[in-house]
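Residues per chain are reported as follows:
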Amino acid sequence: MNRRSFFRSSTALAAASAGATLAPRASAAVIDKAAADPAYKIKNSGIKHTLMGWCWKPMDTLVLAQHAKDIGLVGIEGIDKKYYPDMKKLGLGISLVGSHGFAKGPCNPENRDFVIKSLTEGIDLASDVGCKKVITFTGMSFEGMDRDKAIQDCLDTWKAVLPHAEKKGITLVLEHLNSRDSSHPMKGHPGYFGDDVDFCVDLIKQIGSPNFKLLFDIYHVSIMNGDVIRRMRQHKDYIGHLHTAGNPGRCELDENQEINYPAIMKAALEIGYHDYVAHEFIPTWDDPILALRHACMVCDV
């Protein structure tokens, strides 16, 4: 068969099967903003839906929490600890406790004491409120930084607090962040040391503790590494927490962004992940709670 005949045959075959090949993906109707259901409640119990509170500011925390409860979320994170008793009254768990923040991390030895103090306090707080996880970060690269020494400083600092975490039954989760997006202080973090998810997993392997895992932020992984599902499968033994957001823009999980969240959530279940998935996008819709309902619907596989 010559080249012209091949393309003629291929075109005919494509035309004959157009109904199958051109049909929209089953997930497309769910992702579409027009499908957002203002009465949607979470149906699937395979994962634990939670949310990152800072994204919905300036909405009142108690109002946001009540909406979360109504939708069927089981937890909340990224809120002031003064609201923890109110969350307990509502029946919402604290899915993640904060610590030293992403800017002042252990890669810089000047931050060692601050990081140890912050993580220790976070571990104690998490234990007191029945939370099992505390977040940690590498921190920002700095002028004159020696990469190998920065790695060792990270490892030494985390190892200094891990015995306390292990004793309390708390897992530290290291968040990987993107360093590419400079458009907004919370959409990307130029200069962040741990901006390669595979590198972060290598740090976790060097720590070698079941109480030190990865916060696999799907949005950040999409930007910096891509190949999200393959990486999720590759690093399944080290994933301790998941975050969502649409890329680009850290927006809703709708048709205007590129990540296929239904497929990723199915992959999470396939690798045996049944823990918290925190929605951490910055709403742009006129109704931010409808955006939250929609995100839960998209991920409710």
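Bear in mind the structure is a predicted one, so any value in this text is a computation, not a measurement.

**Student:** What exactly am I supposed to notice about the sheet that holds strand β5 (residues 171–175) here?
**Tutor:** Within a sheet, each strand pairs with its neighbour through backbone hydrogen bonds, oriented either parallel or antiparallel. Ordered by their spatial adjacency, 6 strands build an open sheet running β1-β8-β7-β6-β5-β4, and the pairing between neighbours is parallel. In the strand order of this sheet, the two ends are held by β1 (48–51) and β4 (133–136), each with one partner. Within the sheet, the average angular offset between the axes of one strand and its neighbour, ignoring direction, is 30 degrees. Relative to β5, β4 is paired through 4 bridges, and the arrangement is parallel. When the bridges of β5 are listed, K133 appears paired with T171.

**Student:** So what exactly am I meant to see when it comes to the pattern of salt bridges here?
**Tutor:** Pairs can form between side chains of opposite charge once their charged atoms are near each other. Applying the stated criterion across every chain yields a total of 9 salt bridges. In this structure, K149 engages D153 in a salt bridge whose closest nitrogen and oxygen atoms are separated by 2.9 Å. Taken together, the residues K149 and D153, both in helix α7 (residues 147–168) and 4 residues apart, mark about one turn of the helix. Judged by relative accessible area, K149 falls into the partly exposed class, the value being 44%.

**Student:** Where do I start with the packing of aromatic side chains in this structure?
**Tutor:** How two aromatic rings sit relative to each other is set out by the distance from centre to centre and by the angle between their planes. Under the criterion given, the structure shown has 4 aromatic pairs. Just above the ring of Y276 sits the side chain of K48; from NZ or CZ to the centre is 5.4 Å. Above the face of the F199 ring, R147 is positioned so that its terminal group lies 4.5 Å from the ring centre.

**Student:** How should I be thinking about helix α6 (residues 112–129) in this particular structure?
**Tutor:** With 18 residues, α6 extends 26 Å between its outermost C-alpha atoms, agreeing within 8% with the 26 Å of an ideal straight helix rising 1.5 Å per residue. Where α6 is concerned, the buried positions are V115, S118, L119, G122, I123 and A126. End-on, the buried residues of α6 take up no more than an arc of 140 degrees, which puts them together on one face. The exposed residues of α6 that point more than 90 degrees off its buried face are D113, K117 and D128. Of the residues flanking the end of α6, it is G130, one or two places downstream, whose phi is positive at about 80 degrees.

Cut-offs applied
Counting from 1, residues in each chain are numbered in the order their sequence is written. At least 70 in pLDDT is required for a residue's local features to be given in this predicted model, at least 80 for side-chain atom pairs to be given and counted, and no such filter applies to totals for whole chains, interfaces and linings, which use all residues. Excluded from the side-chain calculation are hydrogens and water; included are all heavy atoms of the structure. By the convention used here, strands pair only if DSSP detects at least 2 bridges between them. Numbering of helices and strands starts at the N terminus; helices are DSSP runs of H or I of at least 4 residues and strands are runs of E of at least 2. Fitted lines through C-alpha atoms serve as axes, helices being fitted only where they are in contact, and the angles separating the N-to-C directions of these axes extend from 0 to 180 degrees. Salt bridge, as used here, is a side-chain nitrogen of Lys or Arg placed within 4 Å of a carboxyl oxygen of Asp or Glu. Think of it in three bands: residues with accessible area under 20% of the maximum for their type are buried, residues over 50% are exposed, and the middle band is partly exposed, with areas taken using a 1.4 Å probe on protein chains only. Each pair of aromatic rings taken from Phe, Tyr and Trp, with Trp reduced to its six-membered ring, is defined by centres within 6.5 Å and is described as stacked if the planes are under 30 degrees apart, edge-to-face if over 60, and tilted in the remaining cases. The criterion for a charge sitting over a ring is simple: Lys NZ or Arg CZ within 6 Å of the ring centre, and within 35 degrees of the ring normal. The length a helix should cover is 1.5 Å for every residue beyond the first. Note that the arc is computed from the directions linking the helix axis to the C-beta atoms.

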